[in-house]
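# Commentary on secondary and tertiary structure
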Amino acid sequence: MLDAALAAFLQIATDPFAIGLCLIGVVIGTALGALPGISSTMSLAVLLPFSFGMSLEHAMVFLLAVFTASVYGGSVSAILINIPGTPGAIVTQMDGYPMGRKGRAGEALTYALLASTLGGLLGWCLLVVFAPLVARAALAFQSPEYAAITVFGLAMLAYASPGSTFLALIAGMIGLLLATVGLDTTTDVARFTFGTDGLQAGLGIIPAAVGIFGVAEVLKGLERGAQKLQPVTRIGRLLPPWREAAPLWPLGLRGSIIGAFVGAIPAAGSAIAVTVAYALEKRLSKTPDKFGTGCPEGVVAPESANNAGVGGALIPMITLGIPGDSMTAVLIGALLIHGLRPGPTMFAQHIDFVGIVYVALAFAIVATLVVGMLGNRLFARIVNAPRAVLLSGVTLLCVVGSFAVRNSFFDVIVMTGFGVLGYLMNRIGMPTAPVIFGLVLGPILEENVRRSMIIYNDWTVFLTRPISLTVLIIAVVALAYPLIQDAVRQRPSP
Amino acid sequence: MKETLRSRSLSLAITGVIIVAGVMFLWRNLASDPIVMQQWGRDPGPAFQPIVMLTLLGLSALGLAVTSAINALRTRGVVGLGNGIAAVAMPGAMVATLLIFVALVPRIGFLASALIFTAGWSALIARRDGEGGRGIALAVGGGVLVAYGIFTVFSTMIGVPL
């Protein structure tokens, strides 16, 4: 592993094009993350097509740079306009925006950047240490265990999704059902194609992700009465006083540890991590009343947890082929386009690629720090970009991005369809990410359930193998608990 | 508050009914295909996952429709469309123009279609946002530049046959 990482380091460090891609990815990722209404998943989805013409290594350098930077960029809009750019920045705004209103926006941005870097590095350490261990353990898994882990991933997603678990579960089932459209890979039999050639290859993950995360957000932004912004106009000085900043590092460390471990749970996502980190620091604080009024602790804790989740989310992606969050779901789509299916065999068969991921992520974290320190004032201006150009430009990028996957306008129609689906789901409060998770996990689930049956010819095989049984029990508990809570909560008052 | 709760319950009930209708349509499509439905030995076959998902989704959606309808009936309050139709007019127009865009590309080419699309939408959004003549002109100019930039990057640099 060390040899592969060293080789990857030399490969990237001596390749000016790779370094350039990393820097461009960081600049664009931060800028897009900072724009109101453009989430980090949307940034990754619409920028993905730029990587199609690149080698796999260059594509990973670029995409991981966008991934890391856009997560940080989400805090810029949270601090300056009170709109979180990412779900993970939802807590940052609670103290970041009040800090900005007090004339300390520059300091809040620096706190967010430093905490993001600390979190990012700790998440990276977790990835480097634990990914090989998980992959080694996963090599012992057979198809029943894979099927169980896929169910676990979906259950965790439903559990962790904002709002109703039941609605998230329905959204996941829609994704799993849509994943069956097209030719069955085992028997070559067409399903739900309605005689059209375009559906034979199935519904592409990328057009679907661009539609659900990109077009749906554009449609929401076009609604009448879209939120009027009240941006912070005075940035103030960037460097916070040393006396105030120095005591905050244990807080950042705690947030990073929470973020990294929660991020590593398949589908758990950053929203849970930042909420836990914020709540913990508020409880530990001697002055909990300061939280929510614009205190640096309220920025450092969630931001460190948010970015630590990047490394954590890559662990299930690389080792099990299961997305850690919606962004890694998009990354899996990118890898599939480059002919690589992540999973436990990655460490045995594609160790060079794993090395590239390690090094590219480390470069991205450092580059985000450097670019952020140099360009925070500039990124602060981006939140005022003209909405008209932004929305029409992003829509065109969505069109081109979907077309570029297979040079097919049928994919643009698919993208539009998913955009409408995502928009309608948003309107009724149904989470959209489970649809994409379902599309990613559907083929894995089907393949492993059917393979289990072909090999063992026994439906109870999923319950008689200890790992599979344990994982399924956790999945059932994770689903049952919030469903019961939902049912109790939804009882209407007379 | 009550009105919102009742409206939301009704929306969810309608969603449940739509999903159930979709499930029934897909079920019929699947069941009418003898190749998909045949026996495949020890392999549960290509119909297995669709059948499981259609069953689970159908039952869940039915549950959603029934419980939401009951919730809507139990709660009081007026349910109206409000400014619902007006609010979704622009998103609806965007979807329509996206489909027109796809139809237009084979006739006048990608670049021309993209320029018309971005210029038109930039002007429309800027006008709706209350911009004056100068603001609209700037938005149109910005939109055209962005469209040309995207075309150049993808067509020339990445080699996408637009």
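About the cut-offs
- Residues numbered from 1 in each chain as written.
- Chains lettered and ligands numbered in written order.
- Predicted model: local features only at pLDDT ≥ 70, side-chain atom pairs only at ≥ 80, totals over all residues.
- Heavy atoms only, no water.
- Helix = DSSP H or I, 4+ residues; strand = E, 2+ residues; numbered from the N terminus.
- Rg over C-alpha atoms; globule rule 2.2 N^0.38 Å.
- Areas by Shrake-Rupley, 256 points an atom, 1.4 Å probe, with all protein chains shown as cover.
- Expected span 1.5 Å × (residues − 1).
- Buried < 20%, exposed > 50% of the residue type's maximum accessible area, 1.4 Å probe, protein only.
- Lys, Arg positive; Asp, Glu negative; His and termini not counted.
- Salt bridge = Lys/Arg side-chain N within 4 Å of Asp/Glu carboxyl O.
- Polar contact = N/O pair within 3.5 Å; in protein donor to acceptor, adjacent residues only side chain to side chain.
- Contact = heavy atoms within 4.5 Å.
- Buried area = accessible area lost by both parts, 1.4 Å probe.
- Axes fitted to C-alpha atoms, helices over the stretch in contact; angles between N-to-C directions.
- Parallel < 35°, antiparallel > 145°, perpendicular 65-115°, else oblique.
- Nonpolar A, V, L, I, M, F, W, Y, C, P; charged D, E, K, R; others polar.

## Here we look at the overall build of chain B
A count of helical and extended segments in chain B gives 7 helices and 0 strands. The N-to-C order of helical and strand elements in chain B reads α-α-α-α-α-α-α. Its C-alpha radius of gyration of 24 Å places chain B more than 25% over the 15 Å reference for a compact globule of 162 residues. Taken along the three principal axes of its C-alpha coordinates, chain B extends 60 × 55 × 25 Å. Accessible surface for chain B amounts to roughly 8800 Å². Of this, 70% is attributable to carbon and sulfur atoms.

## So, helix 13 (residues 326-337) of chain A
Residues and elements named next belong to chain A. Compared with an ideal rise of 1.5 Å per residue, which puts 12 residues at 16 Å, helix 13 spans 17 Å between its outermost C-alpha atoms and is within 8% of the ideal. Where burial is concerned, most of helix 13 is hidden: 10 out of the 12 residues are buried. Within helix 13 the residues assigned to the buried category are S326, M327, T328, A329, V330, L331, I332, G333, A334 and L335. Following helix 13 by one or two positions, G339 has its phi on the positive side, about 80 degrees.

## Regarding helix 16 (residues 387-406) of chain A
All names here are of chain A. An ideal rise of 1.5 Å per residue puts 28 Å on 20 residues; helix 16 measures up with 30 Å between its terminal C-alpha atoms. Within helix 16, 17 of the 20 residues are buried, which leaves the element mostly enclosed by the surrounding structure. A positive phi of about 50 degrees marks N407, the residue just after helix 16.

## Some thoughts on the side chain of E303(A)
All names here are of chain A. Note on placement: E303 falls in helix 12 (residues 297-320). In this structure E303 is buried but unpaired, with R104 as the nearest side chain of opposite charge at 16 Å. For E303, the side chain forms a polar contact with the side chain of T92, separated by 2.7 Å.

## Comments concerning the interface of chain B and chain A
At the junction of the two partners, chain B supplies 67 residues and chain A supplies 65 residues. Summing both partners gives a buried area of about 5700 Å² for chain B against chain A, and 77% of it is carried by carbon and sulfur. When the buried surface of chain B facing chain A is broken down by residue, R42(B), Q49(B) and F154(B) rank first, second and third, together holding 11% of it. Taken together, the connections running from chain B to chain A amount to 2 salt bridges. Remark: the boundary between chain B and chain A carries 7 residue pairs in polar contact (both at pLDDT 80 or more). Elements with a minimum of two residues in the side of chain B that touches chain A: helix 1 (2-31), helix 2 (34-37), helix 3 (48-74), helix 4 (84-87), helix 5 (89-108), helix 6 (110-128) and helix 7 (133-158) of chain B. Ranked by the residues each element gives to the side of chain B that touches chain A, the list is headed by helix 3 of chain B, at 12 residues.

## Looking at the packing of helix 8 (residues 205-222) of chain A against helix 18 (residues 433-456) of chain A
Residue and element names in this part refer to chain A. Between helix 8 and helix 18, whose axes approach to 10 Å, the crossing angle comes to 175 degrees. Considering the angle they form, helix 8 stands roughly antiparallel to helix 18. Between helix 8, through I205, A208, A209, I212 and F213, and helix 18, the contact on the second element is made entirely by A433, V435, I436, L439 and V440. In terms of residue class, the contact of helix 8 with helix 18 is built from 10 nonpolar, no polar and no charged.

## Quick look at the pattern of salt bridges
Evaluated as defined, the whole model comprises 14 salt bridges over all chains. Salt-bridge contacts for R104(A) lead to E107(A); the nearest nitrogen and oxygen are separated by 2.7 Å. Linking R104(A) with E107(A), this pair stays in helix 5 (residues 92-138), spanning 3 residues, or about one helical turn. Both residues of the pair, R104(A) and E107(A), belong to the buried class. Between E145(A) and R465(A) there is a salt bridge whose closest N-O contact spans 2.8 Å. Highlighted residues: E145(A) in helix 6 (residues 143-160) and R465(A) in the loop between helix 19 (461-464) and helix 20 (466-489), separated in sequence by 320 residues. By relative accessible area, E145(A) is classed as buried at 3%. Here the salt bridges do not stand alone but share partners, grouping D184(A), R191(A), E446(A), R450(A) and D43(B) into one network.

Functional significance is not addressed by these values, which are geometric in nature.
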